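# Coordinate inspection notes
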Amino acid sequence: NAGVTQTPKFQVLKTGQSMTLQCAQDMNHNSMYWYRQDPGMGLRLIYYSASEGTTDKGEVPNGYNVSRLNKREFSLRLESAAPSQTSVYFCASSARDSWGTTDTQYFGPGTRLTVL
Amino acid sequence: AQSVTQLGSHVSVSEGALVLLRCNYSSSVPPYLFWYVQYPNQGLQLLLKYTSAATLVKGINGFEAEFKKSETSFHLTKPSAHMSDAAEYFCAVRRMNTGFQKLVFGTGTRLLVSP
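A brief report on the enclosed structure follows. (Residues numbered from 1 in each chain as written. Chains lettered and ligands numbered in written order. Predicted model: local features only at pLDDT ≥ 70, side-chain atom pairs only at ≥ 80, totals over all residues. Heavy atoms only, no water.)

### Quick notes on the overall build of chain B
In terms of helices and strands, chain B carries zero helices and 11 strands. Secondary structure of chain B in N-to-C order comes out as β-β-β-β-β-β-β-β-β-β-β. Viewed in the frame of its principal axes, chain B has a C-alpha envelope of about 45 × 30 × 20 Å. Long-range contacts, defined here as pairs at least 24 residues apart, represent 56% of the contacts in chain B between residues at least 6 apart. Only carbon and sulfur atoms are counted for the fraction: they give 53% of the accessible area of chain B, which is about 5400 Å². (Helix = DSSP H or I, 4+ residues; strand = E, 2+ residues; numbered from the N terminus. Contact = heavy atoms within 4.5 Å. Areas by Shrake-Rupley, 256 points an atom, 1.4 Å probe, with all protein chains shown as cover.)

### Here's the deal with the sheet that holds strand 3 (residues 19-26) of chain B
Residue and element names in this part refer to chain B. The five strands are arranged 1-3-8-7-6 in an open sheet whose pairing can be described as antiparallel. Strands at the two margins of the open sheet, each flanked by one partner only, are strand 1 (3-7) and strand 6 (56-58). Averaged over all adjacent pairs, the angle separating strand axes in this sheet is 20°, with direction ignored. As defined by bridge partners, strand 3 adjoins strand 8 (residues 73-78) across four bridges and the pair is classed as antiparallel. Within the sheet, the bridge partner assigned to Asn24 lies in strand 8 and is Ser73. (Pairing = 2+ DSSP bridges. Axes fitted to C-alpha atoms, helices over the stretch in contact; angles between N-to-C directions.)

### As for the layout of surface pockets
Reported here for the largest pocket is a volume of approximately 350 Å³. Together, 20 residues line the largest pocket, and A:Gln37, A:Pro39, B:Gln38, B:Glu88 and B:Arg110 are the ones closest to its centre. Contributing elements (two or more residues each) for the lining of the largest pocket: strand 4 (31-38) of chain A together with strand 9 (87-97) of chain B. For the lining of the largest pocket, the class distribution of residues is six nonpolar, 10 polar and four charged. The computed volume of the second largest pocket comes to approximately 190 Å³. (1 Å grid on protein atoms, 1.4 Å probe; cavity = no way out; pocket = protein on both sides within 12 Å on 5 of 7 lines; lining within 4 Å. Points joined across faces, edges and corners; volume = space filled by probe spheres on them. Nonpolar A, V, L, I, M, F, W, Y, C, P; charged D, E, K, R; others polar.)

### Considerations on the pattern of salt bridges
Per the counting criterion, the structure on display carries six salt bridges over all chains. As a salt-bridge pair, A:Arg44 and A:Asp38 come within 2.8 Å of each other at their nearest N and O atoms. A salt bridge links B:Lys78 to B:Asp85; the shortest N-O distance between them is 2.9 Å. When its relative accessible area of 2% is taken as the criterion, B:Asp85 is described as buried. One network of salt bridges, in which partners are shared, links A:Arg36, A:Asp38 and A:Arg44. (Salt bridge = Lys/Arg side-chain N within 4 Å of Asp/Glu carboxyl O. Buried < 20%, exposed > 50% of the residue type's maximum accessible area, 1.4 Å probe, protein only.)

### Some words on unusual backbone geometry
For residues that are not glycine, phi is negative in most cases, and the peptide bond is trans in most cases. That bond from A:Thr7 to A:Pro8 is cis: its omega, -5°, falls within 30 degrees of zero. If you trace the backbone, A:Pro8 turns up in the loop between strand 1 (4-7) and strand 2 (10-13). Unusually for a residue other than glycine, B:Asn41 sits at a positive phi of about 60°. Looking at the element boundaries, B:Asn41 is found in the loop between strand 4 (33-38) and strand 5 (44-50). Relative accessible area serves as the criterion here: at 63%, B:Asn41 is assigned to the exposed category. Even without a glycine there, the phi angle at B:Asn61 is positive, about 60°. With respect to the helices and strands, the residue B:Asn61 is situated in the loop between strand 6 and strand 7 (64-68).

And the structure:
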């Protein structure tokens, strides 16, 4: 059971380049999330998907787009990378109980992105 | 809106000493609170969570946390630190938002353990 997987593990981009970060989970979770982690700032939510077919903005969505491809996969796209997007990106997923509440979030290993 | 504050970006202890990592929350409704741990170059994993059942919550690796409503705190403790406990620890609160609940994380506390 792989849990949450992310690709790539590392990436270096030049300003203005685009790229897509991939995330997949095999736990049959309904909800998925993208966070960025910067020193001294904890984790900040970029986008989330409450269920297949829906996506919503989080705390810091500017400069990013997402796609919930199916129940397993949730990708994050940087259309025109900027140095301010240098960060570690984490994908997470969680189940949703019958009351519509989310449970424990399970995290992937992260993607370390540098934008020059 | 719900939020958490972690006091101290770094905490240093000696191996065998008590570990105390502080977290205070702000919430207008009964909160659900979490502690996550992040080992170097890894993702976050759940240590424990409080969901209003018992105020003292036991987690993995010998950690526990006590919910104190009067102090709006949810501090993480471990009686005796091991070298393997060196990591970054995040407190989080579940935030309600139009029926979908998201986690809001604190800024983290890095635990350093010396021999």
